[in-house]
Amino acid sequence: MSQKLLQVNLNFSISKAELEKAWLEAAQPIADWPGLLWKVWLINEAEHEAGGIYLFKSETAAQSYLASPIVESLKSSPVISNIRAKLFDVLESHTAITRGPLK
């Protein structure tokens, strides 16, 4: 199975501090998700945009996460809008040269 990278971007309507506090509770359940190798959390406070870059062991694991209660609660949040999610294959040889974390 080849690894899959998931890129999620969204907009938020609360302060950065409120978002960080709200998302802190989600960090461990995300970390425990089967097949997730890692996640990098992103935020652009000036543009009220946030998101994450995730590396999954497989497309099955990534699709399972996208269909999860974690993502469903994000979609139903009144302070979150314009959610965009894209799945990518990983160019492993190239990524290894540039020291990308593939494990």
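Preceding this section is the structure that the text describes.
Worth saying up front: this structure is predicted, and the values here are computed from it rather than measured.

Within this structure, the stated rule accounts for five aromatic pairs. Note on Tyr54 and Tyr65: the rings are 5.2 Å apart at their centroids and 45° apart in plane angle, and the pair reads as tilted. With a gap of eleven residues between them, Tyr54 in strand 3 (residues 49–56) and Tyr65 in helix 2 (residues 59–66) connect regions that are remote in the sequence. Like Tyr65, Tyr54 is buried. For the ring pair Phe56 and Tyr65, a centre distance of 5.7 Å and an interplane angle of 40° mean the geometry is tilted. Taking the relative accessible area as the measure of exposure, Phe56 reaches 0% and is therefore buried. Among the residues examined, Tyr65 registers a relative accessible area of 3% and is labelled buried. Each member of the aromatic cluster is reached from another via a ring pair, and the members are Trp33, Tyr54, Phe56 and Tyr65. It is Lys39 that lies over the ring of Trp41; its NZ or CZ is 3.3 Å from the centre.

What counts and what doesn't
- Residues numbered from 1 in each chain as written.
- Predicted model: local features only at pLDDT ≥ 70, side-chain atom pairs only at ≥ 80, totals over all residues.
- Heavy atoms only, no water.
- Phe/Tyr/Trp six-rings, centres within 6.5 Å; stacked < 30°, edge-to-face > 60°.
- Helix = DSSP H or I, 4+ residues; strand = E, 2+ residues; numbered from the N terminus.
- Buried < 20%, exposed > 50% of the residue type's maximum accessible area, 1.4 Å probe, protein only.
- Lys NZ or Arg CZ within 6 Å of the ring centre and 35° of its normal.

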